[in-house]
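# Working through the structure, step by step
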Amino acid sequence: MQVEAHLQKIIEQDGKVHLTLIDPASQTPERAAEIALAAVEGGTDAILIGGSTGASGTILDETVLKIKENVNVPTILFPGSSAGLSIYADAVFFMSLLNSRDIGYVITNQVLGAPLVYKSQIEPISMAYLVVEPGGTVGWVGDAKLIPRKKPEIAAVYALAGKYLGMHYTYLEAGSGADTPVNPEMIGAVKHVLGENKLIVGGGIRDAKTAKLCASAGADMIVTGTIVEEVKDVTAKVAEIVSAIKC
Ligand SMILES: CC(C)=CCC/C(C)=C/CC/C(C)=C/CC/C(C)=C/COP(=O)(O)OP(=O)(O)O
Ligand SMILES: O=P(O)(O)OC[C@@H](O)CO
Ligand SMILES: [Mg+2]
């Protein structure tokens, strides 16, 4: 399955894509697979697998494999480092944290991870990863020079640089569990310069209203992680968000 082409088709058909993020460090592989199935029943389009800390090795491989047993939607790695790769996944967000001060997150982890992607069937999807205030764990781990919430023009020039470097996707990240997601002004400014290139927004999106606000402002794909880990009825929560963003 060509994952990027598949997501493109969904955008053409439904307008928007919903992605569910599962952190392998947060639960057992069995529970991760249950959550993935419930999210797919709620209408999610693909499962992102990753975390800033502890998402590697056997627990990562087993989580990917169990999820694949349960669902047919693509599994996409969202790696915190080169250790966040698993040969069992369908694709990887092959991302560079463009606003990191640490060259490790700009290019070294990608260099260390490239041979495994080359030898496997994992589809790399090139992505500019931009961490915005408050930034959360990923901002700290990734040593990000956080983009100020109220400076959409800074996010826009980073996104433009990513696009000129050939990156297909741009991800505006407020940090997992953020109190406030990226604001609509910043989303709009970034989408304006990206044009047809795809924009993903995540971090702190917990309800239909917020998801709709982000999607209407210009996000092509909405990511939800924490809320899916917290609620009892995953299917209902995902369905609420999916119906708010899709046309
Ligand atoms: C492409 C390859 C091989 C590596 C990329 C490496 C990069 C650029 C990483 C960026 C920095 C980073 C730590 C990203 C993590 C992204 C992620 C999975 C965030 C969601 O995880 P959280 O939910 O914040 O994780 P925790 O729950 O562990 O805090
Ligand atoms: O956990 P939440 O707040 O949904 O954030 C998802 C994702 O953007 C984190 O990398
Ligand atoms: Mg998390």
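Just so it is clear, the structure is predicted and the values come from calculations on it, not from any experiment.

Before going further, it helps to examine the overall build of the protein. Within the protein one finds 10 helices and eight strands. What you see for the protein is a C-alpha radius of gyration of 16 Å, in line with the 18 Å of a compact globule of 247 residues. The dimensions of the protein, computed from C-alpha atoms along their principal axes, are 45 × 40 × 30 Å. Taking all 247 residues of the protein together, the buried fraction comes to 53%. Sequence-distant contacts, at least 24 apart, represent 73% of the contacts inside the protein between residues at least 6 apart. In the structure as shown, the protein presents an accessible area of about 10,600 Å², 56% of it carried by carbon and sulfur atoms. In the protein, 20 side chains carry a positive charge and 27 a negative one; their mean positions are 6 Å apart.

Tracing the chain through its elements places S120 in the loop between α4 (103-119) and β5 (123-131). Accessibility expressed as a relative area gives 15% for S120, which makes it buried. Considering only alpha carbons, one finds S120 and G15, 105 residues apart in sequence, at a separation of 31 Å. Polar contacts involving the side chain of S120 include one to the main-chain carbonyl oxygen of L116, which spans 3.0 Å.

All right, on to the pairing of strand β4 (residues 91-97) then. Burial runs high along β4: six of the seven residues are buried. Relative to β4, strand β3 (residues 75-77) is paired through two bridges, and the arrangement is parallel. Residue pairing for β4: I76 is matched across the bridge by A91. Pairing analysis gives seven bridges linking β4 to β5, with the strands arranged parallel. Looking at the pairing, F94 lines up with S126 of β5.

On to helix α10 (residues 234-245). Look at α10: 17 Å from first C-alpha to last across 12 residues, which is about the 16 Å you get at 1.5 Å a residue. Within α10, burial applies to V234, K237, V238, I241, V242, A244 and I245. Down the axis, α10 shows its buried residues gathered within 165° of arc, on one side only. On the buried face of α10, the contacting elements are β1 (17-22), α2 (29-41), α8 (208-217), β8 (221-224) and α9 (226-230). Among the residues of α10, the N-terminal cap falls to D233, whose side-chain oxygen and the backbone nitrogen of T235 are separated by 3.4 Å.

Time to look at the site of ligand 2. Lining the immediate environment of ligand 2, one finds 13 residues, of which E173, G177, G204, G225 and T226 sit closest. Residue Y171 places a side-chain N or O atom 2.8 Å away from an oxygen atom belonging to ligand 2. Contact distances for ligand 2 include 2.4 Å between an oxygen atom and a side-chain N or O atom of E173. Relative to its free-state accessible area of 310 Å², ligand 2 is covered by the protein chains to the extent of 97%. Mapped by element, the contributors of at least two residues to the shell around ligand 2 are β6 (169-173) and β8.

Let's shift gears to the pattern of salt bridges. Per the counting criterion, the structure on display carries eight salt bridges. The salt bridge involving K246 is made with D45; its shortest N-O contact spans 2.7 Å. A residue pair is termed long-range when its members are at least 10 positions apart, and K246 in the segment after α10 and D45 in the loop between α2 and β2 (46-49) qualify at 201 residues. Grouping residues by exposure puts K246 and D45 together as buried.

Let us look at the UniProt feature "binding site: sn-glycerol 1-phosphate" (unreviewed entry) in the protein. UniProt annotation of "binding site: sn-glycerol 1-phosphate" (unreviewed entry) refers to Y171, L172, E173, A174, G175, S176, G177, G203, G204, G225 and T226 when read in the numbering used here. Relative to the assigned elements, Y171 resides in strand β6. Here Y171 falls in the buried class, since its relative accessible area comes to 1%. Discounting chain neighbours no more than four positions away, the residues touching Y171 are F78, M127, A128, Y129, L130, I200, G202 and V223.

Calculation rules
Residues numbered from 1 in each chain as written. Chains lettered and ligands numbered in written order. Predicted model: local features only at pLDDT ≥ 70, side-chain atom pairs only at ≥ 80, totals over all residues. Heavy atoms only, no water. Helix = DSSP H or I, 4+ residues; strand = E, 2+ residues; numbered from the N terminus. Rg over C-alpha atoms; globule rule 2.2 N^0.38 Å. Buried < 20%, exposed > 50% of the residue type's maximum accessible area, 1.4 Å probe, protein only. Contact = heavy atoms within 4.5 Å. Areas by Shrake-Rupley, 256 points an atom, 1.4 Å probe, with all protein chains shown as cover. Lys, Arg positive; Asp, Glu negative; His and termini not counted. Charge placed at Lys NZ, Arg CZ, Asp CG, Glu CD. Polar contact = N/O pair within 3.5 Å; in protein donor to acceptor, adjacent residues only side chain to side chain. Pairing = 2+ DSSP bridges. Expected span 1.5 Å × (residues − 1). Arc of directions from axis to C-beta. Near = heavy atom within 4 Å. Salt bridge = Lys/Arg side-chain N within 4 Å of Asp/Glu carboxyl O. UniProt positions renumbered as here; feature names shortened; annotations may be inferred.

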